[in-house]
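Commentary on secondary and tertiary structure
Below are the chains, spelled out letter by letter.
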Amino acid sequence: MYVVMNELHVPSERKEMLTERFSRSADNMSQVPGCIEFLFLDNEKEDGKQVVFTKWESKQDYENWLESDAFQKAHKSKGSSEKPAAQTNELQAYTVAHQSSK
């Protein structure tokens, strides 16, 4: 299993717009081969941070998604003059060493 977390640093005036954009993405991610879970998280302590959390069957499934038309479409700017919602981001990826399920 493979987990990827993308921490987005978002100005407060763009936070709601980004939240809406990712709410539309959530249903699409359930159709992506190998994607087990998709979460969009708001940081309780820091208003300017949001995290996209994805869990994958394998690293290869994640990489396949990065190369897919669906990924390109989801990350395409709506127009050349539109600013990205996030000012910066930090991507973290992990191989799951142990897991506990209830």
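What comes next concerns the included structure. (Residues numbered from 1 in each chain as written. Predicted model: local features only at pLDDT ≥ 70, side-chain atom pairs only at ≥ 80, totals over all residues. Heavy atoms only, no water.)

**Topic: the packing of aromatic side chains**
Going by this rule: Here a pair means two rings of Phe, Tyr or Trp (six-membered ring of Trp) with centres within 6.5 Å. Their orientation is stacked below 30 degrees between planes, edge-to-face above 60, and tilted elsewhere. Numbered from the N terminus, helices here are DSSP runs of H or I no shorter than four residues, and strands are runs of E no shorter than two.
For the coordinates displayed, the defined rule picks out 7 aromatic pairs. Between Tyr62 and Trp65 the ring centres are 6.4 Å apart and the planes differ by 40 degrees, which places this aromatic pair in the tilted class. Residue Tyr62 and its partner Trp65 are located together in helix H2 (residues 59-66), separated by 3 residues, close to a single helical turn.

**Some words on the side chain of Lys15**
Selection rule: Working rule for contacts: check all heavy atoms of both residues, and any pair within 4.5 Å makes them a contact.
Relative to the helices and strands, Lys15 resides in helix H1 (residues 12-29). Filtering out sequence-adjacent residues up to four positions away, Lys15 remains in contact with Val10, Asp42, Asp47 and Gln50.

**With respect to the side chain of Asn6**
By the secondary structure assignment, Asn6 is in strand E1 (residues 2-9). Sequence-distant contacts of Asn6, that is, excluding residues within four places in its chain, are made with Gln50, Val51, Val52, Asn89, Glu90 and Leu91.

**So, the pairing of E1**
On a regular strand, each side chain points to the face opposite its neighbour's, so the side chains alternate between the two faces of the sheet. Definition in use: DSSP bridges decide pairing: two strands pair if at least two such bridges lie between them.
Where E1 meets strand E3 (residues 49-56), 8 bridges bridge the pair, whose relative direction is antiparallel. Pairing of His9 across the sheet is with Lys49, part of E3. Direction of pairing for E1 relative to strand E4 (residues 88-95): antiparallel, over a ladder of 8 bridges. By the bridge assignment, Asn6 is partnered in E4 with Leu91.

**Topic: the sheet that holds E1**
Pairing between the strands of a sheet comes from backbone hydrogen bonds, and it takes one of two forms, parallel or antiparallel. Rules: Whenever a helix is involved, its axis is fitted only over the stretch in contact; in every case the axis is a line through C-alpha atoms, and angles between N-to-C directions fall within 0 to 180 degrees.
In spatial order, the strands read E2-E3-E1-E4; together these 4 strands make up an open sheet with antiparallel pairing. Across the chains shown, the open sheet's two edge strands, defined by having one partner strand only, are strand E2 (35-42) and E4. For this sheet, the mean angle separating the axes of adjacent strands, direction not counted, is 15 degrees. The sheet contacts of H1 involve E1, E2 and E3, and relative to E2 the element is tilted by about 165 degrees.

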